[in-house]
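# Geometric and topological summary
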Amino acid sequence: SSSSGDEALRDRRARILSRGLPKQKPIEGVKQVVVVASGKGGVGKSTTAVNIALALAANDSAKEVGLLDADIYGPSIPKMMNLKGNPELTAKNLMRPLKNYGIACMSMGFLIEETAPVVWRGLMVMSAVEKLLRQVDWGQLDYLVIDMPPGTGDVQLSVSQTIPIAGAVIVSTPQDVALLDAHKGAEMFRKVHVPVLGLVQNMSVFQCPKCKHATHIFGADGVRDLAKTLGLDILGDVPLHINIRETCDSGQPVVISQPQSDAAKAYLKIAMEIIRRLPVPPA
């Protein structure tokens, strides 16, 4: 029949297409990988990734957490996590992550000068990403949080296709321009069969520290509306607060330096929601 012929053709096409894809291989010692992504830059994705990693560790002190900065051109994890220096090499010639606040961190920022630009073409970037994924001795990690670069390009595809990812978290402000790109980001992960755990609405509201008046600078419920459109959950709302910016700039993220603040509680809630939605890891 024509329907079975169509199905056979689709299967054959899928097999041919999959031949060109890299085989997924887990990162040694890592149980679950969570990627934090955004379609657009400047929406607070790295700040969110850092605080999510710290919140995952704070929720359960028995869990080991790592943080990988996959943004080759604009690495910001070293500054936010107050880390400097070059990684040591193990006997097997693997890089040893730098550690602060109990989180093992790896970033391109540890391998170049702080102010040196990375002026590379795509192939060199892909090679660097491969090294950060494969040539690091992570030890034993329950969660590896990957701070993805903005967009839906080579790095996102390469990471998604070469390692098994337990789930993706999409960060966006409620602004229309950011939401368009967040939508694309969510659809990209779906295309490469990465489960999207949910959305984080960042910079959702600004409260005046003097009069306490709340202002929705970027709009009120844009991310909620997008979540409905995509059939996804909102993992949490993070306010636009000077403490979040100041603490990350000083290398003392808010989850660590101000654990009782509303901002820290928002990240702790997001971490709990992520854990609830992750598949049960292999024993």
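For the structure given in this document, a descriptive report is provided here. (Residues numbered from 1 in each chain as written. Predicted model: local features only at pLDDT ≥ 70, side-chain atom pairs only at ≥ 80, totals over all residues. Heavy atoms only, no water.)

### Details of the overall build of the chain
Stated formally: Every helix listed is a DSSP run of H or I at least four residues long, and every strand listed is a run of E at least two residues long, numbered separately from the N terminus. Under the scheme applied here, a residue whose accessible area is under 20% of the maximum for its type counts as buried, over 50% as exposed, and between as partly exposed, the area being computed with a 1.4 Å probe on protein chains only. Every residue pair with non-hydrogen atoms within 4.5 Å of one another is taken to be in contact. Residue-level accessible areas treat just the shown protein chains as cover; the underlying method is Shrake-Rupley with a 1.4 Å probe.
Scanning the chain from N- to C-terminus turns up 10 helices and 10 strands. Relative to its 283 residues, the chain shows a buried fraction of 47%. In the chain, the proportion of contacts linking residues at least 24 apart, taken out of those at least 6 apart, comes to 76%. If you sum the accessible surface of the chain, you get close to 14500 Å²; carbon and sulfur atoms cover 54% of it.

### Thoughts on the nonpolar core
Which entries qualify depends on this criterion: What is meant by a nonpolar core is a set of buried Ala, Val, Leu, Ile, Met, Phe, Trp, Tyr and Cys residues, joined one to another through side-chain atoms within 4.5 Å.
Formed by 84 residues in total, the largest nonpolar core has its most connected members in Trp-138, Ile-146 and Phe-189. Among the elements that take part in this core, helix α2 (residues 45–59) stands out by supplying 8 residues, more than any other. With residues up to four places along the chain from it excluded, the contact list for Trp-138 reads Ile-27, Val-30, Gly-66, Leu-67, Leu-68, Pro-97, Ala-104, Cys-105, Met-106, Leu-132, Leu-133 and Leu-144.

### Let's talk about the pattern of salt bridges
Let me state the cut-off plainly: Throughout this description, the term salt bridge denotes a Lys or Arg side-chain nitrogen within 4 Å of a carboxyl oxygen of Asp or Glu.
As enumerated under the stated definition, the model contains 8 salt bridges in all. Residue Arg-96 is joined to Glu-88 by a salt bridge in which the shortest nitrogen-to-oxygen separation is 3.5 Å. Taking relative accessible area as the criterion, Arg-96 reaches 38% and is therefore assigned partly exposed. Ionic pairing is found between Arg-276 and Glu-273, a salt bridge with its closest N-O pair at 3.0 Å. Of this pair, Arg-276 and Glu-273 both sit in helix α10 (residues 262–277), 3 residues apart, which is roughly one turn of the helix.

### Some details on the pairing of strand β10 (residues 234–238)
Along any regular strand, the residues point their side chains to alternate faces of the sheet. Definition in use: When DSSP finds at least two bridges between two strands, those strands are taken to pair.
With 4 of 5 residues buried, β10 is to be regarded as a mostly interior element. For strand β7 (residues 196–202) and β10, the ladder comprises 4 bridges, and the chain directions are parallel. Residue pairing for β10: Leu-199 is matched across the bridge by Ile-234.

### Some details on the packing of α2 against α10
This is how the line gets drawn: To define axes, lines are fitted to C-alpha atoms, for helices over the stretch in contact only, and angles between the resulting N-to-C directions are given on a 0 to 180 degree scale. In what follows, roughly perpendicular refers to angles from 65 to 115 degrees, roughly parallel to angles under 35, roughly antiparallel to angles over 145, and oblique to any angle outside these ranges. Amino acids are sorted into nonpolar (Ala, Val, Leu, Ile, Met, Phe, Trp, Tyr, Cys and Pro), charged (Asp, Glu, Lys and Arg) and polar (every other residue, Gly among them).
α10 packs onto α2 with a crossing angle of 75 degrees between their chain directions and a minimal axis gap of 8 Å. On the basis of the axis angle, α2 is roughly perpendicular to α10. Every residue of α10 that contacts α2 at Thr-47, Thr-48, Asn-51, Ile-52, Ala-55, Leu-56, Ala-58 and Asn-59 is listed here: Tyr-267, Leu-268, Ile-270, Ala-271, Met-272, Ile-274 and Ile-275. Partitioning the contact of α2 with α10 into residue classes produces 11 nonpolar, 4 polar and no charged.

### What to know about the sheet that holds strand β2 (residues 65–69)
Here we have 8 strands laid out as an open sheet, ordered β3-β4-β2-β5-β1-β6-β7-β10, and mixed in their pairing. Of all strands in the sheet, those with a lone pairing partner are β3 (98–100) and β10, marking the two edges. Adjacent strand axes in the sheet meet at a mean angle of 25 degrees, parallel and antiparallel pairs treated alike. The pairing of strand β1 (residues 30–37) with strand β6 (residues 167–172) spans 4 bridges and is classified as parallel. Bridge pairing in β6 places Val-34 opposite Gly-167. Contacts between α10 and the sheet are confined to β1, β5 (141–147), β6, β7 and β10, with β10 contributing the most and set at about 170 degrees to the helix.

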